[in-house]
Amino acid sequence: MSRTGSGPRNAVALLLVLGAVAYSAWLGEAFLGTGLSPVSSYVSELAALDQPYGTLFRTTDLTAGLLVLAGAAGALRWLPRRRGTVLGWAGIALYGAATVIDSRLPMSCAPTADAVCEASERAGLLPLAHAAHVVSSSVAVTGALAGMVALTLAARRYGALPSLVSPLGLLLVLLELAATVWTLAAIAAFDAGYGTWALGAGQRLQVLLIAAWLGLLARAVVRRG
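Summary of the structure given here.

About the criteria used
Residue indices begin from 1 for each chain and proceed along its sequence in written order. With pLDDT at 70 or above as the cut-off, local features in this predicted model cover only qualifying residues; side-chain atom pairs require 80 or more to be listed or tallied, and sums for whole chains, interfaces and linings still use all residues. Each side-chain value is derived from all of the structure's non-hydrogen atoms; neither hydrogens nor water enter the calculation. Only rings of Phe, Tyr and Trp enter the pairing, Trp through its six-membered ring, and a pair is recorded when the two centres are within 6.5 Å. The plane angle decides the type: under 30 degrees is stacked, over 60 is edge-to-face, the rest tilted. Numbering goes from the N terminus for both helices and strands, where a helix is a DSSP run of H or I of at least four residues and a strand is a run of E of at least two. The buried label applies to any residue whose accessible area, calculated with a 1.4 Å probe on protein chains only, is under 20% of its type's maximum; exposed applies above 50%, and partly exposed to all values in between. Here the term patch refers to residues with relative accessible area over 30% and no salt bridge, with like charges joined within 9 Å and nonpolar side chains (Val, Leu, Ile, Met, Phe, Trp, Tyr) within 5 Å. Per-residue and other accessible areas follow the Shrake-Rupley method at a 1.4 Å probe size, with only the shown protein chains counted as cover for residues. Note on definitions: salt bridges are taken to be side-chain nitrogens of Lys or Arg within 4 Å of carboxyl oxygens of Asp or Glu. As a rule, the C-alpha atoms of each element are fitted with a line to give its axis, helices using only the stretch in contact, and angles between N-to-C directions run from 0 to 180 degrees. Any angle that falls under 35 degrees is termed roughly parallel, while one over 145 is termed roughly antiparallel, one within 65 to 115 roughly perpendicular, and all others oblique. Note on convention: the crossing is left-handed when the near helix lies turned anticlockwise from the far helix by less than a right angle, right-handed when the turn is clockwise. Pairs of residues are marked as contacts when any of their non-hydrogen atoms sit within 4.5 Å. Following the grouping adopted for this structure description, the nonpolar residues are Ala, Val, Leu, Ile, Met, Phe, Trp, Tyr, Cys and Pro, the charged ones are Asp, Glu, Lys and Arg, and the polar ones are all others, Gly among them.

**Concerning the packing of aromatic side chains**
Line of reasoning, step 1. Per the stated rule, a full pass over the model turns up 2 aromatic pairs.
Line of reasoning, step 2. Geometrically, the ring pair formed by Y23 and Y95 is edge-to-face, given 5.4 Å between the ring centres and 90° between the ring planes. Highlighted residues: Y23 in helix α1 (residues 6–23) and Y95 in helix α4 (residues 83–104), separated in sequence by 72 residues. Across this residue pair, the class does not change: Y23 and Y95 are buried.
Line of reasoning, step 3. Relative to F190, the ring of Y42 lies with its centre 6.3 Å away and its plane at 80°, an arrangement referred to as edge-to-face. Taken together, the residues Y42 in the loop between α2 (29–32) and α3 (54–78) and F190 in helix α7 (residues 167–191) connect sequence positions 148 residues apart.
Line of reasoning, step 4. Take Y42: its relative accessible area is 12%, and that puts it in the buried class.
Line of reasoning, step 5. Classification of F190 by relative accessible area gives buried; the value is 6%.

**Some details on a nonpolar patch on the surface**
Line of reasoning, step 1. Together, V149, L153, L174 and L177 give the surface a local cluster of nonpolar side chains, amounting to about 360 Å² of exposed area.
Line of reasoning, step 2. Those elements giving two or more residues to the nonpolar patch turn out to be α6 (128–158) and α7.
Line of reasoning, step 3. In this fold, L153 is placed in helix α6.

**Considering the packing of α1 against α3**
Line of reasoning, step 1. Here α1 crosses α3 at 155°, and the two axes come no closer than 8 Å. In terms of axis orientation, α1 runs roughly antiparallel to α3. When the axes of α1 and α3 are compared, the crossing they make is left-handed. For the pair formed by α1 and α3, the contact residues are P8, A11, V12, L15, L18, G19, A22 and Y23 on the first element and T60, T63, A64, L67, V68, A70, G71, G74, A75 and W78 on the second.
Line of reasoning, step 2. Tallied by class, residues from the contact of α1 with α3 come to 13 nonpolar, 5 polar and no charged.

As structure tokens, this is what we get:
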């Protein structure tokens, strides 16, 4: 059993929960009237520089990244460390850091909703930050996936964070992998000029599952003691 006191564990869990809530701020699009289709648009387009609520969504992304990064750093500092858990928490930290960078490198416009933006993107005429956003977003998702898988495997191997190997925990990981495949396929189709393939729905499911899993991880951290 962990010797870590309840205070540090509760702090890590709280940071993760608050990060998950901030990362889910895009759900507010249902009430804000953004003009973007939740079925076909990138989630990141909500935070584009030319969007009416861009500042709001860039701020919530920044907040989410900082909270998750702090939670992962706290876990690496205070919670029991094994090779698998260190790799897992490092992946979550990478996800948090990349999300922070993501919020500072917003898209310039919304290519799925604006033909001029799409044409400019294909021609390479948009600012470097627009293209760099794709890289930081990819790193964020890669970090989240790596963390989810590594911590789940560590939970099974070491008996730590048992909630992660519950049916719900395993289901969230499998669904996240499926949503990622869907999103990547839809992005490839859009880049090739074959439409969006419900890109927005796939990506929204992807980020929603990450947030849900962070909530489960917070619960596992608290229950570990």
